[in-house]
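So the chains spell out like this:
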Amino acid sequence: MSDFRRRVLAVVRRIPPGRVATYGDVADWAGRPRAWRAVGNIMRECHEPATPCHRVVGAGGALGGYGGNPQLKRELLRAEGLQVGIARIRRFRDVRWATKVSKEASRKWKVETEK
DNA sequence: GCATTGACTAGGG
DNA sequence: GCCCTAGCCAATG
């Protein structure tokens, strides 16, 4: 279990219900802003219920994937009060976690996880 | 250690 | 908004 992977999971678990974050956001919070692609790889492995992988979506509100069951992901998100289209999240800007979190909070989070 | 792969993204047409 | 391209990172064989 690499350090980066551990951080990514920690960030994902931090996403509150009814909110979503993009792969890019997660990578950023994990300390590697340009590792979004790797984040996708990690998610593929960690399909355990302990981490709300379904709250991690693609940039611009794209759903991304969910193992062999993308539809399930849509259901889960809708169950949390999100408006989900065929392959997109409506009101994405309003439910995107990263934009709702204050800079203060992100700074604090980084300080705690950097060490 | 190199090559391939992927639940990605930003930019240009 | 959609399609294509190039760039990027960690995991895998």
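All of the points below concern the structure found in this document. Values in this document were obtained by computation on a predicted structure and should not be read as measured data.

Let us now look at the protein's contact with DNA strand C. Neighbouring DNA strand C are Ser-2, Phe-4, Arg-32, Arg-34, Ala-35, Trp-36, Arg-37, Ala-38, Asn-41 and Arg-88. Per the 4 Å cut-off to the protein, sugar and phosphate atoms form 48% of the nearby atoms of DNA strand C. A distance of 2.8 Å is found between a phosphate oxygen of DNA strand C and a side-chain nitrogen or oxygen belonging to Ser-2. The separation between a base oxygen of DNA strand C and a polar side-chain atom of Arg-37 is 2.5 Å. Counting residues per element, the surface near DNA strand C draws most heavily on helix α3 (residues 36-45), which supplies four residues. Classifying every residue of the surface near DNA strand C by side-chain character gives four nonpolar, two polar and four charged.

So, on to the environment of Lys-110. As for its placement among the helices and strands, Lys-110 is situated in helix α7 (residues 103-114). Taking the C-alpha atoms as reference points, Lys-110 and Trp-29, separated by 81 residues in sequence, lie 7.2 Å from one another.

The subject of this paragraph is the nonpolar core. One finds Phe-4, Val-8, Val-26, Val-39, Met-43, Val-56 and Trp-97 to be the most contacted residues of the largest nonpolar core, which totals 22 residues. Put simply, the parts of the chain that give this core at least two residues each are α1 (3-14), α2 (23-29) and α3. In this structure, Phe-4 is in contact with Ala-30, Arg-32, Ala-35, Ala-38, Val-39 and Ile-42, ignoring residues within four places of it in sequence. Counting nine residues, the second-largest nonpolar core is a separate cluster that includes Leu-82, Val-84, Ile-89 and Phe-92.

Scoring rules and cut-offs
Residues numbered from 1 in each chain as written. Chains lettered and ligands numbered in written order. Predicted model: local features only at pLDDT ≥ 70, side-chain atom pairs only at ≥ 80, totals over all residues. Heavy atoms only, no water. Near = heavy atom within 4 Å. Polar contact = N/O pair within 3.5 Å; in protein donor to acceptor, adjacent residues only side chain to side chain. Helix = DSSP H or I, 4+ residues; strand = E, 2+ residues; numbered from the N terminus. Nonpolar A, V, L, I, M, F, W, Y, C, P; charged D, E, K, R; others polar. Core = buried A, V, L, I, M, F, W, Y, C linked by side-chain atoms within 4.5 Å. Buried < 20%, exposed > 50% of the residue type's maximum accessible area, 1.4 Å probe, protein only. Contact = heavy atoms within 4.5 Å.

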